[in-house]
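What the coordinates show
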Amino acid sequence: MGLEEDFLLSDADDEKTVEYIKNYLSQELKEKFSDDELYYFVDLIDEYYSESGILDAEPDEEGYVNIDLEKVAEYIVKEARKNEVGEYDPEEILFVVQGEMEYGNSLGQVE
């Protein structure tokens, strides 16, 4: 598979992820976050997972890897502020992170 095909698959997956998150969020949060913001948050979630070492973590005896979703939300808030994208409430961002996790669960990626 070529690099261009990888990008197209990644874009399609991000689109599905954002749609799932939008369905997961309350009406108030759906109206608060634009699609562009949600794509940005998904990118930051992926960045957090790859940079934090969580993808290399050993599962516990039940096969689970513990991911602190509040830390993921704090990372997004910090990066958005640093990149001058905006100021976000970590409690609201936590719902986005939970929605992304639920999407992964629905695909059988995470338990």
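Residues numbered from 1 in each chain as written. Predicted model: local features only at pLDDT ≥ 70, side-chain atom pairs only at ≥ 80, totals over all residues. Heavy atoms only, no water.

The next thing to look at is the nonpolar core. Grouped burial of nonpolar side chains is what soluble globular proteins tend to show. Core analysis: the largest hydrophobic core is formed by 28 residues, its most contacted members being Phe33, Phe41, Tyr49 and Ile93. Listed by contribution, the elements that provide at least two residues to this core are helix H1 (3-24), helix H3 (35-52), helix H4 (69-82) and helix H5 (90-106). Examining the composition of this core, we find that eight residues originate from one element, H3, more than from any other. (Core = buried A, V, L, I, M, F, W, Y, C linked by side-chain atoms within 4.5 Å. Buried < 20%, exposed > 50% of the residue type's maximum accessible area, 1.4 Å probe, protein only. Helix = DSSP H or I, 4+ residues; strand = E, 2+ residues; numbered from the N terminus.)

A few words now on the side chain of Glu79. Within the secondary structure layout, Glu79 lies in helix H4. On the accessibility criterion, Glu79 (6% relative accessible area) is buried.

Moving on, we get to unusual backbone geometry. Positioned with a positive phi, Glu84 is a non-glycine residue whose angle comes to about 55 degrees. Counting through the fold element by element, Glu84 comes out in the loop between H4 and H5.

Before going further, it helps to examine H5. Between its terminal C-alpha atoms H5 stretches 24 Å, which fits the 24 Å expected from 17 residues at 1.5 Å a residue. Where H5 is concerned, the buried positions are Glu92, Ile93, Leu94, Val96, Val97, Gly99, Glu100, Met101, Tyr103 and Gly104. One or two steps after H5, the chain reaches Gly108, where phi turns positive at roughly 80 degrees. (Expected span 1.5 Å × (residues − 1).)

Turning next to the pattern of salt bridges. Under the criterion given, the structure shown has six salt bridges. For Lys22, the salt bridge is made with Glu19, and the minimal N-O distance between the two is 3.3 Å. Taken together, the positions of Lys22 and Glu19, both in helix H1 and three residues apart, correspond to about one turn of that helix. Overall, the relative accessible area of 22% leaves Lys22 in the partly exposed class. The residue Glu79 makes a salt bridge to Lys78 at a minimum N-O spacing of 3.8 Å. (Salt bridge = Lys/Arg side-chain N within 4 Å of Asp/Glu carboxyl O.)

Take the confidence of the model for the protein next. Mean pLDDT over the protein stands at 84; residues scoring 70 or higher make up 86%. Looking over the protein, one finds the lowest element-wise mean pLDDT in H1, namely 72, and the highest in H4, namely 96. Ignoring residues within four places in sequence, the model shows residues 1-9, a span with pLDDT below 50, making two contacts including any to other chains. (pLDDT = per-residue confidence, 0-100. Contact = heavy atoms within 4.5 Å.)

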